[in-house]
Amino acid sequence: MPSKTLKTTTAGAVLALGLLASQPAHAVSNSSNSEAFTFGVIGDIPYGDAEVAKFPARIQDINADQDLEFVTHVGDIKNGSSVCSDEYFANIRTQFDTFEHPLVFTPGDNEWVDCHRTNNGAYNPLERLDKLREVFFNEPGKTLGATMPVKTQEDVGLPENVRFTENRVAFSVLNIQGSNNSLQPWTGLGETTATPEQLAEVEARTDAALEQIRGTFADAERRNDRAVVLMTQADMFDPSLLAAATANPEIMSGFREIVASIVEETNSFDAPVYLINGDSHVFAENQPLAAGSPWLEIYGQPAADNLQRVTVDGSANATNYVRFSVAGNSVVGGPVLSWEKVPFSS
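The protein is annotated in an unreviewed UniProt entry as Calcineurin-like phosphoesterase domain-containing protein from Pseudarthrobacter oxydans.

Caption draft 1: Expanded view of the packing of aromatic side chains. Taken as a whole and assessed by the stated rule, the structure comprises 21 aromatic pairs. A ring pair is formed by phenylalanine 105 and phenylalanine 137, whose centres lie 5.9 Å apart and whose planes are at 5°; its orientation type is stacked. Of the two residues, phenylalanine 105 sits in strand 3 (residues 102–105) while phenylalanine 137 sits in the loop between helix 4 (125–136) and strand 4 (144–145), which places them 32 residues apart along the sequence. We classify phenylalanine 137 as buried; its relative accessible area is 11%. The rings of Phe37, Phe39, Phe70, Phe164, Phe171, Tyr274, Phe324 and Trp339 are connected pair by pair, giving a single aromatic cluster.

Caption draft 2: Here's a closer look at helix 3 (residues 86–96). Every buried residue of helix 3 is listed here: Tyr88, Phe89, Ile92, Arg93, Gln95 and Phe96. Across the axial projection of helix 3, the buried residues extend over an arc of 160°, all falling on one side. Buried residues in helix 3 make contact with helix 2 (48–64), strand 2 (68–73), strand 3, helix 4 and strand 4.

Caption draft 3: View of the state of the cysteines. Applying the stated rule across the entire model yields one disulfide. Paired by a disulfide, cysteine 84 and cysteine 115 hold their sulfur atoms 2.0 Å apart. Its S-S torsion of about -90° marks the bond between cysteine 84 and cysteine 115 as left-handed, since a negative value means left-handed. In this pair, cysteine 84 is assigned in the loop between strand 2 and helix 3 and cysteine 115 in the loop between strand 3 and helix 4, connecting sequence segments 31 residues apart. Here cysteine 84 matches cysteine 115 in class, with each residue buried.

Caption draft 4: A look at the packing of helix 3 against helix 4. Direction vectors running N to C along helix 3 and helix 4 enclose 30°, while the axes themselves pass 10 Å from each other. In this view, helix 3 runs roughly parallel relative to helix 4, as classed from their interaxial angle. With respect to the hand of their crossing, helix 3 and helix 4 are arranged in right-handed fashion. Across the interface between the two elements, Asp86, Phe89, Ile92, Arg93 and Phe96 of helix 3 pack against Arg128, Lys131, Leu132, Val135 and Phe136 of helix 4. Across the contact of helix 3 with helix 4, the residue classes break down as six nonpolar, no polar and four charged.

Caption draft 5: Quick peek at the sheet that holds strand 13 (residues 337–343). One open sheet holds the six strands; their spatial order is 4-3-2-1-12-13, and the pairing between them is mixed. Strand pairing shows two members of the sheet lacking a second neighbour, strand 4 and strand 13, which therefore form its edges.

Caption draft 6: Local environment of the confidence of the model for the protein. Looking at the protein, the pLDDT average stands at 91 and 90% of residues meet or exceed 70. Within the model, the stretch residues 1–33 combines pLDDT values under 50 with 59 contacts to residues more than four positions away or in other chains.

Caption draft 7: Expanded view of helix 6 (residues 196–223). Taking 1.5 Å of rise per residue, 28 residues should cover 40 Å, and helix 6 covers 41 Å from first to last C-alpha, within 8% of that figure. Of the residues trailing helix 6, asparagine 224 is marked for its positive phi of about 60°.

Caption draft 8: Region of interest: the pairing of strand 9 (residues 273–277). Burial within strand 9 is extensive, with five of its five residues counted as buried. Where burial is concerned, the two faces of strand 9 agree: the one with Val273, Leu275 and Asn277 and the one with Tyr274 and Ile276 are both buried. The pairing of strand 9 with strand 11 (residues 307–311) spans five bridges and is parallel. Each bridged residue has a counterpart across the sheet, and for leucine 275 the counterpart in strand 11 is arginine 309.

Caption draft 9: View of the pairing of strand 13. Across the seven residues that make up strand 13, a large majority, seven, are buried. Side-chain alternation along strand 13 places Leu337, Trp339, Lys341 and Pro343 on one buried face and Ser338, Glu340 and Val342 on a second face that is also buried. Pairing of strand 12 (residues 320–326) with strand 13 involves seven bridges; the strand directions are antiparallel. By the bridge assignment, tyrosine 321 is partnered in strand 13 with valine 342.

Thresholds, definitions, all that
Residues numbered from 1 in each chain as written. Predicted model: local features only at pLDDT ≥ 70, side-chain atom pairs only at ≥ 80, totals over all residues. Heavy atoms only, no water. Phe/Tyr/Trp six-rings, centres within 6.5 Å; stacked < 30°, edge-to-face > 60°. Helix = DSSP H or I, 4+ residues; strand = E, 2+ residues; numbered from the N terminus. Buried < 20%, exposed > 50% of the residue type's maximum accessible area, 1.4 Å probe, protein only. Arc of directions from axis to C-beta. Contact = heavy atoms within 4.5 Å. Disulfide = S-S within 2.5 Å. Axes fitted to C-alpha atoms, helices over the stretch in contact; angles between N-to-C directions. Parallel < 35°, antiparallel > 145°, perpendicular 65-115°, else oblique. Left-handed = near helix turned anticlockwise from the far one by under 90°. Nonpolar A, V, L, I, M, F, W, Y, C, P; charged D, E, K, R; others polar. Pairing = 2+ DSSP bridges. pLDDT = per-residue confidence, 0-100. Expected span 1.5 Å × (residues − 1).

Written out as structure tokens, the structure reads:
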């Protein structure tokens, strides 16, 4: 079984050491407890033909990390300027089927929300979302790759929204999208404002996300879980949008109810809460809703100091996966989750 240190080729040893050195002191896994486990997260990969060609090797690198309990892909299986074709979806599904760990996948905006763009094929985004559900969520309640049972929202038409628990840590994976949670107009189809069908989809999906968030925390409280982990595609605190959002908070309006729910639940939950997302492509770790954060005014919310966020690398930066380590129940005084970036071998 591989150790919890970075796996790398000899040529990549210097890079690996540099990555380890760049991580905070908490990014040290704890394997001394038999109840501890690890999981991997990727997102915004593969982007473009060159990365599509490398993707099978990336998957094999993750497969080689045999200690992983599961892997999550937090969305965007293509870049924002390529065609959202059935053939492309089928190819990625074929690659996903080669994962030897359970794979939890939540769709990203590049594979449905933004598919109205002319260079994406000028699709109706809702038709593409239906196709994604057909291709990737044809067996609701089961993960891709190796099978792991998960609780889904299939009953309300969202089989991609799943939750599960491992060693008293509650995981909740939610279809929350970039492009202001899919409120931006479908300009590639000639629209200048959101259409009625678009607004109806956003409302239904947001309501489902709110229901799952509340249910996740309620169950975690009842079980006395040690932490809650939320995972989304959308970066609701994208630093590249901070200036624009400060000037006009409405550009983030699609996330307002969701952020409010996360704040409320985090502040009433007596344990750590972690948010893992993709979307903005640059690895980051911060507390986006801590006291003094400019995002509090943008969203009109009180502080939620107990929320820790991790953004995984994506696009051209997707040269690694993030390995999260969950401490065993008997570990006292340290964080429940710790993490490290693991470089791909090539």
